[in-house]
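A look at the structure
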Amino acid sequence: MGCKMKEQEAVGQEEQALSLEETFEQIEEVIAHLEAEDITLEESFQEYDRGMKLLQHCNETIDQVEKKVLQINEDGGLDEF
């Protein structure tokens, strides 16, 4: 089980280093693998998990950008920058 944890950590670190464009490209690769006729059930579970992690990375990156784009106005509300 320790080896699997190290593998998951490595994948997580790799995702953090990716730009949005690179992440979208990897998601497209995951989709292509999932659509392949010769994929095994176990491989499809692994690809699905990888795809979900990539999507989570995209959501987090987009959320960070949205937060940076908002600024506080004089009334304490948020305005788009």
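Residues numbered from 1 in each chain as written. Predicted model: local features only at pLDDT ≥ 70, side-chain atom pairs only at ≥ 80, totals over all residues. Heavy atoms only, no water.

1. Some details on helix H3 (residues 41-69)
Its 29 residues give H3 an end-to-end C-alpha distance of 42 Å, which sits within 8% of 42 Å, the value for a rise of 1.5 Å per residue. For H3, the complete set of buried residues consists of Ser44, Glu47, Gly51, Leu54, His57 and Cys58. (Helix = DSSP H or I, 4+ residues; strand = E, 2+ residues; numbered from the N terminus. Expected span 1.5 Å × (residues − 1). Buried < 20%, exposed > 50% of the residue type's maximum accessible area, 1.4 Å probe, protein only.)

2. Describing the packing of helix H2 (residues 20-35) against H3
Interaxial distance between H2 and H3 falls to 9 Å at its minimum, and their mutual angle equals 155°. Comparing their axes, H3 and H2 come out roughly antiparallel. Helix-helix and strand crossings are classified by hand; for H2 and H3 the assignment is left-handed. Together, Leu20, Thr23, Phe24, Gln26, Ile27, Glu29, Val30, His33 and Leu34 of H2 and Ser44, Glu47, Tyr48, Arg50, Gly51, Leu54, Leu55, His57, Cys58, Thr61 and Ile62 of H3 make up the contact between the two elements. For the contact of H2 with H3, the residue count by class is 10 nonpolar, seven polar and three charged. (Axes fitted to C-alpha atoms, helices over the stretch in contact; angles between N-to-C directions. Parallel < 35°, antiparallel > 145°, perpendicular 65-115°, else oblique. Left-handed = near helix turned anticlockwise from the far one by under 90°. Contact = heavy atoms within 4.5 Å. Nonpolar A, V, L, I, M, F, W, Y, C, P; charged D, E, K, R; others polar.)

3. Thoughts on a nonpolar patch on the surface
Residues Leu34, Tyr48, Met52 and Leu55 make up a contiguous nonpolar surface patch of about 370 Å² in total accessible area. Ranked by residue count, the leading element in the nonpolar patch is H3, at three residues. Relative to the assigned elements, Tyr48 resides in helix H3. (Patch = residues over 30% accessible without salt bridge, like charges linked within 9 Å, V, L, I, M, F, W, Y side chains within 5 Å. Areas by Shrake-Rupley, 256 points an atom, 1.4 Å probe, with all protein chains shown as cover. Salt bridge = Lys/Arg side-chain N within 4 Å of Asp/Glu carboxyl O.)

4. Quick word on the side chain of Ser44
With respect to the helices and strands, Ser44 occurs in helix H3. From its side chain, Ser44 meets the backbone oxygen of Leu41 in a polar contact 2.6 Å long. Here Ser44 is in contact with Leu34 and Ile39, once residues within four sequence places are set aside. (Polar contact = N/O pair within 3.5 Å; in protein donor to acceptor, adjacent residues only side chain to side chain.)

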